[in-house]
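Observations on chain architecture
Residues per chain are reported as follows:
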Amino acid sequence: MQGIPITDRLCYMASLTNNEAYCGAVERLLGIEAPERAQYIRIILEELSRIQSHLLGTAEFLTLIASAVYSPFLYMIIDREDVLTCIESVTGARINHSFVRFGGVRNDLPDGFKDMTLDTLKMIREKTEEYKELFLSDSIYRKRMEGVGVLSPHDARRLGVSGPPLRASDTPYDMRREDPYLLYKDLDFDVITRKEGDSKARVEVRLDEIFESCYIIEQCLDQIPSGPIMAEGIPKKIKPEPGEAYYRVEDHRGEMGFFVVSDGSDKPVKVKARGPVYAYMQALPPLLEGVYIADVVAIAGSMDACTSEVDR
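Reference entry: report on the structure contained in this document. (Residues numbered from 1 in each chain as written. Predicted model: local features only at pLDDT ≥ 70, side-chain atom pairs only at ≥ 80, totals over all residues. Heavy atoms only, no water.)

**Here's the deal with the pattern of salt bridges**
- What the rule picks out here adds up to 28 salt bridges.
- Linking Arg125 and Glu218 is a salt bridge whose minimum nitrogen-to-oxygen distance equals 2.6 Å. Highlighted residues: Arg125 in helix 5 (residues 113–137) and Glu218 in helix 10 (residues 199–223), separated in sequence by 93 residues.
- A network of salt bridges, in which partner residues are shared, links Glu47, Arg50, Arg167, Asp174, Arg176, Glu209 and Glu250. (Salt bridge = Lys/Arg side-chain N within 4 Å of Asp/Glu carboxyl O. Helix = DSSP H or I, 4+ residues; strand = E, 2+ residues; numbered from the N terminus.)

**Observations concerning the side chain of Thr17**
- Considering the arrangement of structural elements, one finds Thr17 in helix 2 (residues 15–30).
- A polar contact is formed between the side chain of Thr17 and the backbone oxygen of Ala14, at a distance of 3.1 Å.
- Within the structure, the side chain of Thr17 is placed 3.3 Å from the side chain of Asp251, a separation counted as a polar contact.
- Not counting chain neighbours up to four residues away, the residues in contact with Thr17 comprise Glu46, Val249, Glu250, Asp251 and His252. (Polar contact = N/O pair within 3.5 Å; in protein donor to acceptor, adjacent residues only side chain to side chain. Contact = heavy atoms within 4.5 Å.)

**Thoughts on the sheet that holds strand 4 (residues 254–262)**
- Taken in spatial order, the three strands make up an open sheet running 3-4-5, and their pairing is antiparallel. Each end of this open sheet is capped by a strand with a single partner; those strands are strand 3 (243–251) and strand 5 (270–274). Between one strand and the next, the sheet's axes are offset by a mean angle of 10°, whatever the strand orientation.
- Bridging between strand 3 and strand 4 involves nine bridges; their strand directions are antiparallel. For Tyr246, the partnering residue across the bridge sits in strand 4 and is Phe259.
- In the packing of helix 2 onto the sheet, contacts are made with strand 3, strand 4 and strand 5, and the angle to strand 3 comes to roughly 150°. (Pairing = 2+ DSSP bridges. Axes fitted to C-alpha atoms, helices over the stretch in contact; angles between N-to-C directions.)

Right, here's the structure in full:
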C-alpha cells in the first residue's frame, strides 16, 4: 500500500493512471478483480484526469511557441480547475490522489457528482471547440506548426513511441482498444489519429481526445451500477503468491506499464515502470536534426513530455 503514493509522483498529471497501472499489476498477482462499480469509478476519474492533462499540456505549449493565441493559456487553466474540482470531490486531492486500491477504490462518488460532472463536460466541449477554431484561424500558429517536426509512422513505431505522438503519425494504437483493461471493452469511443505526424497534428490529437474522454465519462455515468467499491476478502497485509505480472494502461502520454515480481512476502522483489515519455526522448534527435533553433520548442513542446517521468 505504501507504494501507491510513489506512483503519484512519477508524473503528477497522470497520478490516477499511474495508480491504476501499479494496482492492476498487484491485482493480477493476487488473482482478484475490482467490483464493477469500482471499475466504472476508476474510468471516470482517469478520463477526467486525461482531460485536465491535455488542457494543461496544450496551454503550456502555447507559451513555448509565443504565438498570438497565448491568451487561451489562461482560459485553459481556468477550465482545468473545474475538471480538478470534479476529481477532488471524490479523491479529496487535486494533484496527487493515491486513490486506486488493490481490489477497488478508496471512496465512492459523492451526492451531486453526476450533475456537476455533466455540467463541466458540457463547458469543456464548448471551450475546446473554440480553441480548435482559434488555432486554425491563427496564421502564425499554423506557420510554426504545419510540416514542422514530422515523425513518420515507421520511426514512431521503431522508437517505441506511444500515445498521442504515435496516433498523430497515422497509427491507431491505444491500450484501451489493443489490450482493454477495466471495462473499456464495453464502451464506445474512437481512437483519434492524424496522418501528418507534425507538431500541429500532435496537438490536434490531444484536443480531439478531450471530446472522446467526455463521451466515455458520460457513458460511465449512465451505466454505472450500484454495489460495493472494494472486492471482498482483501487482507490488510498484501502477500501475493510468488510470481510476476505486467499490467499496462493508456496513460495520457501513451503506454504506462508496471512489472511487479513477488516472492510471497509483503514487499515486492521488483517493481519496474515502463513509462511512455522515455521513448519520446529517443524520438527527438532525428526530429531536431537540421531544423531551425526556433522550431525546437515547437517540436519538443508538441510531444507534451513529462520530464519527471523520463527519469530512470
